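One-letter residues, chain by chain:
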Amino acid sequence: MGNNFPVRGAVLLLCRLILGGVFLYAGTIKATSSGQFAIALIPFTFIPEGWLGPISQLLPLVEIVGGLFILLPWTARWGAGIILFLCVAFIAALGWALANDIIVACSCFGNNDEPSRPAMAFALLRDVVLAGMAAAVMVAKPRLSSAGG
C-alpha cells in the first residue's frame, strides 16, 4: 500500500494555488475599477442602493485577503473559509438572478463579459467548483511533521 499523503498534499497545494491566483486576480481587477463594479451590481435588486458603493469597495479587498491567506500555510484555512463564504454568496446571487430571469454580466474578472444565460450558468458552475476546492482545503487535516510532536 502506498502512502497517499504526498498526492493529497500536492492536490491541496494545487487547490490553494488556483484559489489564491483566481481570487487575487479577481480582487485586483475589481479594486482597480470599483465604480464599474458598483454599476454591475445594480441589477441585483436585493442589494440596497446605498450598499452598492461600500460592497464594490469592500468585496475586492476581501477577495484579495482570501487569496493571500489561502496561499500562506499558516492561514490557509482562514483563506479557504473566506473564499468558501464568497463563493456561496456568488452562487446565491447568480442563482437568484437566473431564477428571476435577470441576465447580467458576471463582472467576476472585469467588465468585458457579455451578459447571457450560458455565461451566467458557467460562472455559477465555476463558483461551485471553487467552493468545493475551498471546502477541501478548509476541512483537510493538517499533516503532522515526521519529527513527531
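Structure report, in brief.

Cut-offs and rules
Residues numbered from 1 in each chain as written. Predicted model: local features only at pLDDT ≥ 70, side-chain atom pairs only at ≥ 80, totals over all residues. Heavy atoms only, no water. Phe/Tyr/Trp six-rings, centres within 6.5 Å; stacked < 30°, edge-to-face > 60°. Helix = DSSP H or I, 4+ residues; strand = E, 2+ residues; numbered from the N terminus. Expected span 1.5 Å × (residues − 1). Buried < 20%, exposed > 50% of the residue type's maximum accessible area, 1.4 Å probe, protein only. Lys, Arg positive; Asp, Glu negative; His and termini not counted. Salt bridge = Lys/Arg side-chain N within 4 Å of Asp/Glu carboxyl O. Contact = heavy atoms within 4.5 Å. Axes fitted to C-alpha atoms, helices over the stretch in contact; angles between N-to-C directions. Parallel < 35°, antiparallel > 145°, perpendicular 65-115°, else oblique. Left-handed = near helix turned anticlockwise from the far one by under 90°. Nonpolar A, V, L, I, M, F, W, Y, C, P; charged D, E, K, R; others polar.

**Some remarks on the packing of aromatic side chains**
Then, number 1: Counted according to the given criterion, the structure contains 1 aromatic pair.
Then, number 2: Both rings, one in Phe 46 and one in Trp 96, keep their centres 4.8 Å apart while their planes meet at 80°; by these two values the pair is edge-to-face. You can see Phe 46 sitting in the loop between helix H2 (34-41) and helix H3 (52-71) and its partner Trp 96 sitting in helix H4 (residues 76-99), a full 50 residues away along the chain.

**Here we look at H4**
Then, number 1: Given a rise of 1.5 Å per residue, 24 residues ought to cover 34 Å, and the 34 Å separating the end C-alpha atoms of H4 matches this to within 8%.
Then, number 2: Restricting attention to buried positions, one finds in H4 the residues Ala 76, Gly 79, Ala 80, Ile 83, Leu 86, Cys 87, Phe 90, Ala 93, Leu 94, Ala 97 and Leu 98.
Then, number 3: Asp 101 sits one or two positions beyond H4 and adopts a positive phi of about 55°.

**Side note on the side chain of Arg 16**
Then, number 1: Tracing the backbone through its elements, the reader meets Arg 16 in helix H1 (residues 5-31).
Then, number 2: It turns out Arg 16 is buried and unbridged, and the closest side chain with the opposite charge, Glu 63, is 18 Å from it.
Then, number 3: Residues in contact with Arg 16, not counting those within four places in the same chain, are Ile 70, Leu 71, Leu 72, Pro 73, Ala 76 and Val 137.

**Let's talk about the pattern of salt bridges**
Then, number 1: The final tally for this structure, using the stated rule, is 2 salt bridges.
Then, number 2: Across the pair Glu 63 and Lys 30 runs a salt bridge whose closest N-O atoms are separated by 2.8 Å. Here Glu 63 is found in helix H3, whereas its partner Lys 30 is found in helix H1, with 33 residues between them in sequence.
Then, number 3: Residue Asp 101 is joined to Arg 117 by a salt bridge in which the shortest nitrogen-to-oxygen separation is 2.4 Å. Here Asp 101, found in the loop between H4 and helix H5 (117-139), pairs with Arg 117, found in helix H5; they are 16 residues apart in sequence, far enough to count as distant.
Then, number 4: Using a relative accessible area of 37% as the deciding quantity, one classes Arg 117 as partly exposed.

**Details of the packing of H4 against H5**
Then, number 1: Direction vectors running N to C along H4 and H5 enclose 155°, while the axes themselves pass 8 Å from each other. Looking at the two axes, H4 sits roughly antiparallel to H5. For the pair H4 and H5, the crossing hand works out as left-handed.
Then, number 2: Tallied by class, the residues present in the contact of H4 with H5 amount to 22 nonpolar, 2 polar and 3 charged.

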